[in-house]
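# Topology and contacts: notes
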Amino acid sequence: MKKMILSLCLIGLTLAAGAQENGAFVTARVGTKLYDKAFRGADVSMQGGYNYKGLDVSAQISYFSNCWGEDRLDALTYRDDRTGSGVSTLMSNGKNVSALTIRLNLGYDVLHFIHNNWRHHIRPYVGLGYSQLQRSSSYVSSYDDVRCYDLANELHSGFELALGLSYDFNFTRHWALGAYIEGLPMIREHGILGLQTRYSF
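These lines cover the structure that appears in this document, whether it is placed above or below. Bear in mind the structure is a predicted one, so any value in this text is a computation, not a measurement.

### Quick notes on the nonpolar core
One recurring pattern in soluble globular proteins is that nonpolar side chains are buried together. Listed in full, the 10 residues of the largest apolar core are Phe64, Val97, Ala99, Tyr125, Leu133, Ala162, Tyr180, Leu184, Ile187 and Ile192. Those elements that place two or more of their residues in this core are strand 6 (94-108), strand 7 (120-143) and strand 9 (175-184). Other than its neighbours up to four places away in sequence, isoleucine 187 contacts Ser131, Leu133, His156, Ser157, Gly158, Phe159 and Glu160.

Right under this line is the structure:
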């Protein structure tokens, strides 16, 4: 009986160690804005990396847009001929924002030291990369029977910093589901709250 209990303990420790072994992983994420018109738009990203003793090193590409599934056309036409001049317009008041980000991430599983834990993972992380942000806006306003039209297109790009925290729950040895929250304070200037799935090889 003692040998059987000892054998079961050794098998359990082996499985627990196997859950925390080093290896590659991929992560798919979908999220939305956390503040400044919260829950408008979507952020999708893919991440691939390597885990070494709880330390995650990965590369990530993500795309954000606040107008998923919308068809939009902003046009302003001015004409001047012998019969007179006029303005024709097809405009909608609002602002479109889209962003593309490529970055490297470094994170650590703070629950890695718990030897019997293979299901729960909490990872604070930091990322550094490059973002390109585009804002397109169109407005129509009236003042004392005078209509004003405004079309603007801004493009910003540069280094981006990401600070985040994620939680994963392994429902099998390879697959995990979780949630994450992160701030992007430089170019994108917003936060993301979302869900993720992770596969470890």
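Next, the rest of the story.
### What to know about the layout of surface pockets
The rolling of a water-molecule-sized probe over the atoms marks out the regions of remaining empty space. Counted as a void, the second largest pocket has a volume near 240 Å³. Every residue lining the second largest pocket is counted, 13 residues in all, and those nearest its centre are Lys33, Asp36, Lys95, Val97 and Arg135. Every element with two or more residues in the lining of the second largest pocket is listed here: strand 6 and strand 7.

### Side note on the pattern of salt bridges
Enumeration over the complete set of coordinates arrives at seven salt bridges. The salt bridge partner of arginine 135 is glutamate 189, with a shortest N-O separation of 3.7 Å. Of this pair, arginine 135 sits in strand 7 while glutamate 189 sits in the loop between strand 9 and strand 10 (190-200), and the two are 54 residues apart along the sequence. A single network of salt bridges, built from pairs that share partners, joins Asp56, Arg123, Asp168 and Arg198.

### Comments concerning empty space enclosed by the protein
Evaluation of the coordinates by the stated rule reveals one cavity of 30 Å³ or more. Size it by volume and the largest cavity reaches roughly 140 Å³. Surrounding the largest cavity, 15 residues form its lining, Gln47, Asp56, Arg123, Tyr125 and Arg198 being those nearest its centre. Listed by contribution, the elements that provide at least two residues to the lining of the largest cavity are strand 1 (23-33), strand 3 (55-65), strand 6, strand 7, strand 8 (146-170) and strand 10.

### Comments concerning the side chain of aspartate 109
One can find aspartate 109 in the loop between strand 6 and strand 7. Buried and unpaired, aspartate 109 has arginine 123 as its nearest opposite-charge partner, separated by 4.3 Å. A polar side-chain atom of aspartate 109 sits 2.7 Å from a polar atom in the side chain of histidine 121. From its side chain, aspartate 109 meets the backbone nitrogen of isoleucine 122 in a polar contact 3.3 Å long. Other than its neighbours up to four places away in sequence, aspartate 109 contacts Gly54, His120, His121, Ile122 and Arg123.

### Some words on the packing of aromatic side chains
Taken as a whole and assessed by the stated rule, the structure comprises two aromatic pairs. Pairing tyrosine 199 with phenylalanine 201 gives two aromatic rings, centres 5.0 Å apart and planes at 85°, and the pair type is edge-to-face. On the basis of relative accessibility, which here comes to 56%, the residue phenylalanine 201 falls in the exposed class. Here a set of aromatic residues connected by ring pairs shows up, and it is made of Trp175, Tyr199 and Phe201. A cation over a ring is seen here: arginine 173 above tryptophan 118, with NZ or CZ 3.8 Å from the ring centre.

### Observations regarding a nonpolar patch on the surface
Nonpolar side chains collect at one region of the surface, where Val30, Val44, Met46, Ile61, Tyr63, Leu100, Ile102 and Leu195 lie side by side and expose about 700 Å² of accessible area between them. Among the elements of the structure, strand 2 (42-52), strand 3 and strand 6 are those that each provide at least two residues to the nonpolar patch. Assessed through its relative accessible area of 43%, valine 30 is described here as partly exposed.

### With respect to the environment of tyrosine 130
Within the secondary structure, tyrosine 130 sits in strand 7. Distance from tyrosine 130 to serine 157, taken between C-alpha atoms, is 7.3 Å for residues 27 residues apart in sequence. Every residue in contact with tyrosine 130, bar those within four places of it in the chain, is listed here: Leu100, Thr101, Ile102, Ser157, Gly158 and Glu160. Among the polar contacts made by the side chain of tyrosine 130, one reaches the side chain of serine 157 at a distance of 3.3 Å.

What counts, and at which threshold
Residues numbered from 1 in each chain as written. Predicted model: local features only at pLDDT ≥ 70, side-chain atom pairs only at ≥ 80, totals over all residues. Heavy atoms only, no water. Core = buried A, V, L, I, M, F, W, Y, C linked by side-chain atoms within 4.5 Å. Buried < 20%, exposed > 50% of the residue type's maximum accessible area, 1.4 Å probe, protein only. Helix = DSSP H or I, 4+ residues; strand = E, 2+ residues; numbered from the N terminus. Contact = heavy atoms within 4.5 Å. 1 Å grid on protein atoms, 1.4 Å probe; cavity = no way out; pocket = protein on both sides within 12 Å on 5 of 7 lines; lining within 4 Å. Points joined across faces, edges and corners; volume = space filled by probe spheres on them. Salt bridge = Lys/Arg side-chain N within 4 Å of Asp/Glu carboxyl O. Lys, Arg positive; Asp, Glu negative; His and termini not counted. Polar contact = N/O pair within 3.5 Å; in protein donor to acceptor, adjacent residues only side chain to side chain. Phe/Tyr/Trp six-rings, centres within 6.5 Å; stacked < 30°, edge-to-face > 60°. Lys NZ or Arg CZ within 6 Å of the ring centre and 35° of its normal. Patch = residues over 30% accessible without salt bridge, like charges linked within 9 Å, V, L, I, M, F, W, Y side chains within 5 Å. Areas by Shrake-Rupley, 256 points an atom, 1.4 Å probe, with all protein chains shown as cover.

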